[in-house]
Amino acid sequence: MGGLPSTPRLGGGARPQETAEYLIGAFVGEKSYPLASDYWQKLLELPLDLRWPSDRVREACDLFATNNCSTRHLAKILIHLAWCLQECVSDAGVASPDIPKALNALFVSSVFLKNLIEKAKSDNFEELYLSLNESEDVVNLIMFSVLNFIAKVDIRPRTYLLHHELLNFVLIAMSTQLLSGPSPGPSDTHPFIDAAMIQESSLVDLVVHKLLLNYIKHPRVPLNSLFYTIISEGNQPGVLRRVSSAAANLMLLPLNYLVSSTGEALRSPLAESSLNVLLIFIHYRKIIFVDYVKDKSDDGSLESPPKEEILENRFCKAVENVRDIEFSRSDIEGNVDKGLLVRLPFASLYDTLGMCLADETSVLLLYSLMNGNSFFLEYVLVRTDLDTLLMPMLETLYNAPRRTPNHIYMILTILLILSQDSTFNASIHKLMLSNVPWYQERLLHQTSLGSLVIIILIRIVRYNLSKLRDVYLHTNCLATLANMAPYVHRLNAYASQQLVSLFDMLSRKYNKLAEVTNGKMNVKDDVLREENFLEDPSAELHIYTDFLRLVLEILNAILSYGLPRNPEVVYAIMHRQEVLLPFKNHPRFNELLENIYTVLDFFNSRIDAHRTDDEWSVEKVLEVIIKNCRSWRGEGMKVFAQLHFAYEQESHPEEFFIPYVWQLILFRSGFSFDLSSINLFPVPVEDINDALEAEKLQKGELKG
């Protein structure tokens, strides 16, 4: 390695930088140091704030990749890291002399481990050379030690940095997933996360408890400790930053990210890292081959055709078993396993989620809890302040053009899950909002939360119709509206108008599709694309026929179960009744429209009976409707079965969630990775080019 001293200068007169250069040079060099050598203690006692130039770091990484196969220095430093962590746990993390050693081991191992992973070519990551001998399971040792420290050592000013760097180390270790394809298979090998998956359930429960507790508490950066000095000296780019190591994120964050002008912490990097690690753990799926013995074959041998199965994810199981700390063990139903349960304050978790739902990772956590943990879902449904969770999510949907499609999908899925509960559907119409400051199209004063949900869902359908053209998104929105419909109570005028406009909007698309399908409109492919048609207009026509029928069922449900309580809906239908007329004799819609026209005939006749020569105002028409709502008995209405849509996760959810979680971590959390090495999801070419240009600029190869 160029520029490194040829002989060690470790005497009392040696400068720290020279000592560091020698020790790092020895780490990446050809000579293999035994595990018991005092070299490792010297390496781990390096000053924390040393920096190295970027060109030397790259050269060191390349040299290390060449020599590690024979020196096994990565495995050895991980073993020393594990030993340091075990000592920290024994000391309970209080003033342990092993904390600085563990930090140094983390910084060094993170840099070189990440580089090896990014450049790995083999399917089983043999380039890491993580074993010393057949009996030494280095990966299991380090993952146990890391998880054991996270679970058992309290977060204090002295341990904060070590906790954070351990979480970032776990992210780096699990980034092997980025090199795999989007569909996990039995041949996929991810040494570190696979080792985490086989840890004892008791340890896994403790880890999940600590990670969720970190998220709830949002521990602040301890500014009154040595850690503050490390951050405030982050102007000079150093070794960890130059190789884009996630282990350097906390050290090298700009100070204004962490503190405000008053010196109070604004964000919690530890909470964010805890959430990222938890999401990777709970959405991981390990596919394995299992042999099943069949009957003897013709030659007398036993056939054992392999079958793919998913290995149990204990982290996912732990999240499913989280219980509210407010309930004693005897309050929990008797069929629950008597083993250790994760106990958390659901009230604090609920409040923290409410404050953080503008962040996409928090939305994914909420989904994971509601879909997997029936106890937390039940807790959410009995809360009287549902606006705490719903308002930030509705604001996100309102700003859909500035959000990712996956972010929108996750929120819509959460709303669908909530709408499966009748109590939720009824309670959101009783919760009144004094105003909705972020809604710009009109002032919404004293609007029910239920009315706002309907307004936003219809707005999403309109946006999807013009921009995304996603059938699943339409289906999800309409399914949620259908679940809510029988419980609609005092829907406001604007929401009622939007419901009727929804039918009009979809009918326009339907009519265009019908013209194309029936040959009345001769269009070219480019026109089809401009009109946002799918490749097969006849198939799309069938889809929109279903959508229109669903909207009519929604209107029917409101009129059948809640007409006296929804005069504004009656008025909106009467005001726009012409949009229904072209479909009156349609075989898919006629039964539903008969009901609506029964309502229209009833109220039209009452209006006519009160008609005078005076001009009719909106207020006067609405007054007549309200008066006659009281005498409405539903005579002549056909009763249709209530629609009920339930969310069901796909059979292979990992194909969506594993890439999704890593996309969030890479593009939202500051974790960096060589984009050209990623196979887990498509990376836009322009993103790779931007990364290459940034690297050239860093090397001084681009001139302004």
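Residues numbered from 1 in each chain as written. Predicted model: local features only at pLDDT ≥ 70, side-chain atom pairs only at ≥ 80, totals over all residues. Heavy atoms only, no water.

(A) How the structure looks around the overall build of the chain. Scanning the chain from N- to C-terminus turns up 31 helices and 6 strands. Residues counted as buried form 53% of the 704 residues belonging to the chain. About 32,300 Å² of surface is accessible on the chain, with carbon and sulfur atoms providing 50% of the total. (Helix = DSSP H or I, 4+ residues; strand = E, 2+ residues; numbered from the N terminus. Buried < 20%, exposed > 50% of the residue type's maximum accessible area, 1.4 Å probe, protein only. Areas by Shrake-Rupley, 256 points an atom, 1.4 Å probe, with all protein chains shown as cover.)

(B) Spatial organisation of unusual backbone geometry. Of note in the backbone geometry, R72 takes a positive phi value of approximately 55° without being a glycine. Not every positive phi belongs to a glycine, and R490 is a case in point at roughly 50°. Relative to the helices and strands, R490 is located in the loop between α23 (471-484) and α24 (493-517).

(C) Seen up close, the layout of surface pockets. A volume near 390 Å³ is recorded for the second largest pocket. Forming the boundary of the second largest pocket are 19 residues, of which T413, Y472, Y647, E648 and E650 lie nearest the centre. Put simply, the parts of the chain that give the lining of the second largest pocket at least two residues each are α20 (405-419), α23 and α30 (654-668). Residue classes in the lining of the second largest pocket are distributed as 12 nonpolar, 5 polar and 2 charged. (1 Å grid on protein atoms, 1.4 Å probe; cavity = no way out; pocket = protein on both sides within 12 Å on 5 of 7 lines; lining within 4 Å. Points joined across faces, edges and corners; volume = space filled by probe spheres on them. Nonpolar A, V, L, I, M, F, W, Y, C, P; charged D, E, K, R; others polar.)

(D) Just the nonpolar core, in detail. F281, L390 and L394 are the most contacted members of the largest nonpolar core, which totals 231 residues. Setting aside residues up to four positions removed in sequence, L390 forms contacts with L415, L418, F424, I428, L449 and V453. (Core = buried A, V, L, I, M, F, W, Y, C linked by side-chain atoms within 4.5 Å. Contact = heavy atoms within 4.5 Å.)

(E) Focus on the packing of aromatic side chains. Taken as a whole and assessed by the stated rule, the structure comprises 29 aromatic pairs. Centroid distance Y367 to F657: 5.3 Å. Interplanar angle 20°. Geometry classified as stacked. With a gap of 290 residues between them, Y367 in helix α17 (residues 360-372) and F657 in helix α30 connect regions that are remote in the sequence. The buried category is assigned to Y367, whose relative accessible area is 1%. (Phe/Tyr/Trp six-rings, centres within 6.5 Å; stacked < 30°, edge-to-face > 60°.)

(F) Region of interest: the side chain of N399. Among the secondary structure elements, N399 is positioned in the loop between α19 (387-398) and α20. Overall, the relative accessible area of 12% leaves N399 in the buried class. At 2.7 Å, the side chain of N399 and the side chain of R402 are in polar contact. (Polar contact = N/O pair within 3.5 Å; in protein donor to acceptor, adjacent residues only side chain to side chain.)

(G) Structural view of empty space enclosed by the protein. For the structure on display, the rule yields 6 cavities of 30 Å³ or more. Quantified by volume, the second largest cavity comes out at close to 120 Å³. Considering the residues around the second largest cavity, the lining is formed by 13 residues, among which E553, A557, Y561, F640 and A641 are closest to the centre. The greatest single-element share of the lining of the second largest cavity, amounting to 6 residues, is contributed by helix α26 (residues 537-562). When its residues are assigned to classes, the lining of the second largest cavity shows 9 nonpolar, 3 polar and 1 charged.

(H) Spotlight on the environment of I155. Relative to the assigned elements, I155 resides in the loop between α6 (138-152) and α7 (160-174). The exposure class assigned to I155 is partly exposed, which follows from its relative accessible area of 25%. Sequence separation between I155 and P219 is 64 residues, and the spatial gap between their C-alpha atoms is 8.0 Å. Sequence-distant contacts of I155, defined by excluding residues within four places in its chain, comprise Y160, H163, N214, P219 and L270.

(I) Just the confidence of the model for the chain, in detail. Per-residue confidence for the chain gives a mean pLDDT of 84; residues scoring 70 or more make up 80%. Long-range and interchain partners of residues 1-12, a stretch whose pLDDT sits below 50, account for 22 contacts in this model, where long-range means more than four residues apart. Below a pLDDT of 50 lies the segment residues 697-704, which in the model reaches 7 contacts outside its immediate sequence neighbourhood of four places, other chains included. (pLDDT = per-residue confidence, 0-100.)

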